[in-house]
Amino acid sequence: LGDYVFVYNGDADATNKAMESNIWKGIPAVKNGKVYLYGDNYHDEFVMEDPFSLELQLDTIVNLLLGYQ
């Protein structure tokens, strides 16, 4: 498992249900507070795989890690 987890929060109920599970709570990144939620404010940015979208995704992830969003 990774040191960080990025969660697309498109369905708040489904996301909350998953985050209540013991499996989720046992993930090291979750225990260490390294979970980053993103959702409505990113629209379909993370659906696309073209070079421009990938650059936007990278910028978003860097900003999440640095606490700018």
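Student: I'd love a proper account of the overall build of the chain, names of residues and values included.
Tutor: Scanning the chain from terminus to terminus reveals four helices and two strands. Written out in order from the N terminus, the α and β elements of the chain read β-α-α-α-β-α. Taken over 69 residues, the chain has a buried fraction of 22%. Restricting to contacts in the chain with at least 6 residues of sequence separation, those with at least 24 account for 52%. Per element, the accessible surface of the chain, about 5200 Å² overall, is 55% carbon and sulfur.

Student: Run through a nonpolar patch on the surface, naming residues and quoting values.
Tutor: A cluster of nonpolar residues, Tyr4, Phe6, Leu58, Val62, Leu65, Leu66 and Tyr68, forms a patch on the protein surface that exposes about 680 Å² of accessible area. Among the elements that take part in the nonpolar patch, helix 4 (residues 51–66) stands out by supplying four residues, more than any other. When you line up the elements, Tyr4 lands in the segment before strand 1 (5–8). Among the residues examined, Tyr4 registers a relative accessible area of 41% and is labelled partly exposed.

Student: I'd like a rundown of the pairing of strand 1, residues and numbers included.
Tutor: Only one face of strand 1 is covered, namely the one carrying Val5 and Val7; the face carrying Phe6 and Tyr8 has none of its residues buried. The pairing of strand 1 with strand 2 (residues 35–38) spans four bridges and is parallel. Its bridge partner lying in strand 2, Tyr8 is registered against Tyr38.

Student: Quick rundown of helix 4? Include the residues and the values.
Tutor: Over its 16 residues, helix 4 runs 23 Å from end to end, which matches the ideal 22 Å to within 8%, given 1.5 Å per residue. Turning to helix 4, its buried residues number three or more, namely Ser53, Gln57, Thr60 and Leu64. Seen along its axis, helix 4 keeps its buried residues to an arc of 60°; they face one direction. In helix 4, the exposed positions that point more than 90 degrees away from the buried face belong to Pro51, Phe52 and Leu66. Regarding helix 4, its N-cap is Asp50, as a side-chain oxygen of that residue lies 3.2 Å from the backbone nitrogen of Phe52 further along.

Student: Summarise the packing of aromatic side chains; cite the residues concerned and give the values.
Tutor: Enumeration over the complete set of coordinates arrives at two aromatic pairs. Ring centres of Tyr4 and Tyr36 lie 6.2 Å apart, and the angle between their planes is 35°; on these two criteria the pair is classed as tilted. Of this pair, Tyr4 sits in the segment before strand 1 while Tyr36 sits in strand 2; the two residues are 32 residues apart in sequence, bridging distant segments of the chain. Arranged with centres 5.4 Å apart and planes meeting at 25°, the rings of Phe6 and Tyr36 form a pair that is stacked.

Scoring rules and cut-offs
- Residues numbered from 1 in each chain as written.
- Predicted model: local features only at pLDDT ≥ 70, side-chain atom pairs only at ≥ 80, totals over all residues.
- Heavy atoms only, no water.
- Helix = DSSP H or I, 4+ residues; strand = E, 2+ residues; numbered from the N terminus.
- Buried < 20%, exposed > 50% of the residue type's maximum accessible area, 1.4 Å probe, protein only.
- Contact = heavy atoms within 4.5 Å.
- Areas by Shrake-Rupley, 256 points an atom, 1.4 Å probe, with all protein chains shown as cover.
- Patch = residues over 30% accessible without salt bridge, like charges linked within 9 Å, V, L, I, M, F, W, Y side chains within 5 Å.
- Salt bridge = Lys/Arg side-chain N within 4 Å of Asp/Glu carboxyl O.
- Pairing = 2+ DSSP bridges.
- Expected span 1.5 Å × (residues − 1).
- Arc of directions from axis to C-beta.
- Polar contact = N/O pair within 3.5 Å; in protein donor to acceptor, adjacent residues only side chain to side chain.
- Phe/Tyr/Trp six-rings, centres within 6.5 Å; stacked < 30°, edge-to-face > 60°.

So, to be careful, I would describe these as geometric facts and stop short of saying anything about function.
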